[in-house]
Amino acid sequence: CMVDEEFSLGVCYKKCSILTNNMYPYRSAAETCCRYNNHLACFDAANVNTSADFAVGGGKGDHVNSTPSQPHPPMPELAEAPTSTSATPTV
């Protein structure tokens, strides 16, 4: 995911902290951001904010055609740093 995105259920979304000005910084669903990093707390409607505007990629509004404005699977070419799941051999 890009620097301004978070990974949730296999998809990269623009960070809830950015979308809600840190009022609801934790993503609990595609269109829902929560005040707490706690699944039980996010069942309380007073702790969440839901909007179709939250289901966006990090490129939304940046006016750069190469960055996705829609939610998307991780794209290594857009990642902050290269990642790998294989172990690095030691010499």
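Here the residue index of a chain counts from 1 through its sequence in written order. Selection of residues for local features in this predicted model requires a pLDDT of at least 70, selection of side-chain atom pairs for listing and counting requires 80 or more, and totals for whole chains, interfaces and linings are taken over all residues. Water and hydrogen atoms play no part in the side-chain values, which are based on all heavy atoms of the structure.

Looking at the pairing of strand S1 (residues 5-8)
Both S1 and strand S2 (residues 11-14) contribute to a ladder of 4 bridges, which runs antiparallel. Counted as the bridge partner of Phe7 is Cys12 from S2. Connecting S1 to the antiparallel partner S2 that follows it, the hairpin turn spans 2 residues, and Leu9 within it adopts a positive phi of roughly 50°. Pairs of strands are assigned from DSSP output, requiring at least two bridges between the strands. Helix and strand definitions follow DSSP, with helices as H or I runs of at least four residues and strands as E runs of at least two, each counted in order from the N terminus.

Section: the sheet that holds strand S3 (residues 26-29)
Taken together, the 3 strands give an open sheet; going across it, the order is S3-S4-S5, and neighbouring strands pair in antiparallel fashion. Edge strands, defined here as strands with exactly one partner in the open sheet, are S3 and strand S5 (48-50). Put simply, the sheet's adjacent strands are angled 30° from each other on average, direction ignored. In this sheet, strand S4 (residues 32-34) lies alongside S3 in antiparallel orientation, the contact comprising 3 bridges. Every axis corresponds to a line fitted to the C-alpha atoms, with the helix fit spanning only the stretch in contact, and the corresponding angles, defined between N-to-C directions, vary from 0 to 180 degrees.

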